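In case you want the letters, here they are:
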Amino acid sequence: MNKELIINAAPQGVEIALLEDKKLVELHHEKADASFAVGDLYLGKVKKLIPGLNAAFIDVGFEKDAFLHYTDLSPYARSLLKFTQQTINENNQTATDFGSFQVEPEIIKTGKITEVLNGKPNILVQILKEPIAAKGPRLSCEISLPGRFVVITPFNDIVAVSRKIHSSEERKRLQKIIEAIKPKNFGVIVRTAAEGKNTAELNEDLSELVATWKTIQHNLKGAVAPAKILSEQTKTTSMLRDLLNEDFNKIIVNDKNIYNDTKNYIQRIASDKVDIVSYHHNGSPIFDQLGVTKQVKAAFGKTVNLPSGAYLIIEHTEALHVIDVNSGYKSVSNNQEQNAFETNIEAAEEIARQLRLRDLGGIIVVDFIDMKLPDNKRKLAECVESFMRTDRAKHAVLPISKFGLMQITRQRMKPEVTINTQEICPSCNGTGKISSALILEDEIEKNLSYLLNHQHKNLSLVVHPIMHAYLTKGGIFGSKRWKWRWKYKQAIKIKPNTNYHLTEFHFFDNQDEEIKL
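Here is what the cut-offs are and how they apply
Residues numbered from 1 in each chain as written. Predicted model: local features only at pLDDT ≥ 70, side-chain atom pairs only at ≥ 80, totals over all residues. Heavy atoms only, no water. Helix = DSSP H or I, 4+ residues; strand = E, 2+ residues; numbered from the N terminus. Buried < 20%, exposed > 50% of the residue type's maximum accessible area, 1.4 Å probe, protein only. Contact = heavy atoms within 4.5 Å. Salt bridge = Lys/Arg side-chain N within 4 Å of Asp/Glu carboxyl O. Pairing = 2+ DSSP bridges. Axes fitted to C-alpha atoms, helices over the stretch in contact; angles between N-to-C directions. Core = buried A, V, L, I, M, F, W, Y, C linked by side-chain atoms within 4.5 Å. Expected span 1.5 Å × (residues − 1). Arc of directions from axis to C-beta. Parallel < 35°, antiparallel > 145°, perpendicular 65-115°, else oblique. Left-handed = near helix turned anticlockwise from the far one by under 90°. Nonpolar A, V, L, I, M, F, W, Y, C, P; charged D, E, K, R; others polar.

Draft legend 1. Structural detail: the side chain of Asn344. With respect to the helices, strands and loops of the structure, Asn344 is situated in helix 9 (residues 336-358). With relative accessibility at 0%, the residue Asn344 sits in the buried group. Contact partners of Asn344, with chain neighbours within four places excluded, come to Val325, Phe368, Ile369, Met371 and Leu380.

Draft legend 2. Quick look at the pattern of salt bridges. What the rule picks out here adds up to 19 salt bridges. Salt-bridge contacts for Asp157 lead to Lys182; the nearest nitrogen and oxygen are separated by 2.7 Å. Here the residue Asp157 occupies a position in the loop between strand 10 (150-154) and strand 11 (159-161), and Lys182 occupies one in the loop between helix 3 (168-181) and strand 12 (186-190), the gap between them amounting to 25 residues. Between Lys480 and Glu441 there is a salt bridge, and its shortest N-O distance comes to 3.1 Å. Here Lys480 is found in helix 14 (residues 480-488), whereas its partner Glu441 is found in helix 11 (residues 437-453), with 39 residues between them in sequence. Via salt bridges that share partners, Glu20, Glu26, Arg356 and Arg392 belong to a single interconnected network.

Draft legend 3. Region of the structure containing the environment of Val46. In this fold, Val46 is placed in strand 4 (residues 41-50). Taking the relative accessible area as the measure of exposure, Val46 reaches 1% and is therefore buried. Taking the C-alpha atoms as reference, Val46 lies 76 Å from Lys480; in sequence the two are 434 residues apart. When residues no more than four places from it in sequence are discounted, the contact partners of Val46 are Ala56, Phe57, Ile58, Leu117, Lys120, Pro121 and Ile123.

Draft legend 4. How the structure looks around the sheet that holds strand 24 (residues 505-508). The four strands lie next to each other as 23-22-24-25, forming an open sheet whose pairing is mixed. Looking at strand neighbours, the two that pair on one side only are strand 23 (493-496) and strand 25 (514-515), the edges of this open sheet. Bridge count for strand 24 against strand 25 is two bridges, and the pairing is antiparallel. Pairing of Phe508 across the sheet is with Glu514, part of strand 25. Here helix 12 (residues 465-472) sits on the sheet in contact with strand 22 (460-463) and strand 23, set at roughly 145° to strand 23.

Draft legend 5. Representation of the nonpolar core within the structure. Formed by 55 residues in total, the largest nonpolar core has its most connected members in Leu73, Leu117, Leu124, Trp213 and Ile216. Sorting elements by how many residues they give to this core places helix 4 (residues 199-220) first, with seven residues. For Leu117, the contacting residues outside a window of four places in its chain are Val46, Leu49, Ala56, Leu68, Leu73, Leu81 and Ile123. If you look at the next biggest cluster of nonpolar residues, it comprises 28 residues, including Ile314, Ala340, Ala352 and Val397.

Draft legend 6. Region of interest: the sheet that holds strand 18 (residues 320-326). One open sheet holds the six strands; their spatial order is 16-17-18-19-21-20, and the pairing between them is mixed. If you trace the sheet from one side to the other, it starts and ends with strand 16 (303-305) and strand 20 (395-397), each paired once. On average, adjacent strands in this sheet sit at an angle of 20° to one another, irrespective of strand direction. In terms of strand pairing, strand 16 meets strand 17 (residues 311-316) through three bridges, oriented antiparallel. Along strand 17, the bridge assignment pairs Val304 with Leu312.

Draft legend 7. A look at unusual backbone geometry. Here Ala225 and Pro226 are connected by a cis peptide whose omega angle stands at -5°. One can find Pro226 in the loop between helix 4 and strand 13 (227-230). In this structure, Lys22 takes a positive phi of about 70° despite not being glycine. In this fold, Lys22 is placed in the loop between strand 2 (13-20) and strand 3 (23-31). On the basis of relative accessible area, Lys22 is assigned to the exposed category, the value being 54%. Of note in the backbone geometry, Asp359 takes a positive phi value of approximately 55° without being a glycine. Within the element layout of this structure, Asp359 appears in the loop between helix 9 and strand 19 (362-367). For Asp359, a relative accessible area of 9% translates into the label buried.

Draft legend 8. How the structure looks around the pairing of strand 17. Between strand 16 and the antiparallel strand that follows it, strand 17, lie five residues; Gly309 among them carries a positive phi value of about 110°. In this structure, strand 17 lies alongside strand 18, joined through six bridges in antiparallel fashion. Across the sheet, the residue bridging to Glu315 is Val322, located in strand 18. Here strand 17 hands over to strand 18 after three residues, the two strands then running antiparallel side by side.

Draft legend 9. Local environment of helix 3. For helix 3, spanning 14 residues, the distance from its first C-alpha to its last is 20 Å, which sits close to the expected 20 Å at 1.5 Å a residue. Taken together, the buried positions of helix 3 are Glu170, Leu174, Ile177 and Ile178. Seen from one end, helix 3 has its buried residues packed into an arc of 95°, which puts them on one side. Facing away from the buried side of helix 3, by more than 90 degrees, are the exposed residues Glu169, Lys172, Lys176 and Ala180.

Draft legend 10. Geometry of the packing of helix 3 against helix 4. Where helix 3 contacts helix 4, the two axes come as close as 10 Å, and the packing angle between them is 50°. Judged by the angle between their axes, helix 3 and helix 4 are oblique. Taken as a pair, helix 3 and helix 4 cross one another with a handedness that is right-handed. Taken together, the residues of helix 4 that come into contact with helix 3 (itself represented by Leu174, Ile177, Ile178 and Ile181) are Thr199, Leu202, Asn203 and Leu206. For the contact of helix 3 with helix 4, the residue count by class is six nonpolar, two polar and no charged.

Keep in mind these values describe shape, not function.
If you want it as structure tokens, here you go:
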């Protein structure tokens with residue numbers, strides 16, 4: 001599979017498109033003034049404890065207080081509180097070695113938030129979900145710093161290896177390396193990308209993350225809540241960190257600074273792939289030239305057409321998203337069951353793409369075309385799971401119910417991507433209604449009368465062809481044109497123009513210069 005990353009920088013922010021085999025599968029928009037990105041660390045002030053929800057509201061500087069549930073506190077919450085308080089009170093001369101930090105006992109899973117956050121202390125928190133609609137950010141105290149090959153989690157000494165690394169020998173090898181090189185008081189999760197990497201590469205990645213933790217310590221000194229302590233990398237860098245693999249074969253950027261940053265980042269993490277970065281500078285919009293804009297317009301409407309003639313209808317409600325699969329004019333064979341199965345498989349692939357592209361989260365209900373055979377229903381469920389395997393968001397797919405519906409749950413980390421693919425009609429300005437021909441006729445005559453009274457002669461009126469037919473029907477003596485000539489004692493030329501919208505008209509003088517009204 002070929003993967004391409006196209007980065008479009010503009011004054012209002014950066015747009016990032018991920019293409020797989022030339023097909024748009026993810027679209028990210030990073031606003032220039034964006035704040036509260038997933039992964040950012042803040043020093044927050046506990047504002048309100050809600051025992052009934054077993055949660056707290058934390059002030060991190062957003063207009064709405066952020067939400068922290070007990071289950072997101074982390075077993076090492078007491079250690080985090082102690083560390084936060086100690087570090088804030090340190091002066092610039094003293095810098096405590098984190099390896100000698102005395103870790104506190106873990107909190108119990110079934111405890112109460114009032115027992116942990118009593119006294120409403122300041123606490124170091126990480127953004128788990130961006131603000132969505134009227135809700136503030138969702139927070140976590142399970143601090144994690146992701147790198148290319150490993151993720152570090154402070155206050156524990158656990159080493160875990162990704163389950164996606166299937167070889168037991170490789171898992172043991174990675175575990176041994178990490179246990180030998182990791183500093184005290186840091187847990188390490190080994191990512192799938194670490195498979196086959198040597199000790200030097202893993203150590204370099206780990207060292208960079210430990211240096212980041214030292215930066216957090218430094219930024220915490222003397223900090224006053226609410227305050228941002230550390231920003232997650234830009235979306236461009238974080239996407240490269242999470243996505244870059246041997247399938248990635250092209251990164252195109254239209255901004256010199258981002259181009260240099262991207263090239264330097266790839267030089268550091270995969271020097272053999274530095275040539276895949278190219279700079280787009282021929283003046284034309286990068287998304288237009290590379291076909292991204294066209295794919296965006298085709299993919300984000302309420303109706304999504306499939307190559308076979310089948311189509312999807314995607315509707316959004318407050319509680320869930322509903323996707324309806326329709327066969328359209330598709331007819332492969334006379335076998336109704338086979339037709340339904342093939343259409344559903346085609347739809348399943350597009351649905352998996354749409355979930356990633358629009359970043360739909362929560363509950364998604366899919367109404368596939370009815371199939372009779374249980375074997376076909378099972379195969380369809382397997383196909384959906386297979387198509388969604390590349391989706392980085394946590395998700396679960398349930399088998400098709402007896403009503404023919406499939407339920408999918410998908411984690412949502414940021415607001416859903418919605419793009420208006422329709423343009424406002426110039427005739428009705430989006431209202432769906434236009435003036436009647438009779439009213440338009442009166443408006444034209446009013447303007448005509450005004451121009452003739454101001455000594456304009458030899459006028460030409462240019463209108464839409466349908467309006468032209470209306471004004472000239474009835475022959476020489478019965479048309480509106482003839483009645484105007486009789487009334488104003490002036491000949492009026494009326495010309496059609498197919499480029500005009502239905503209610504558009506303009507007057508021109510005998511030099512073909514438009515007369516501005």
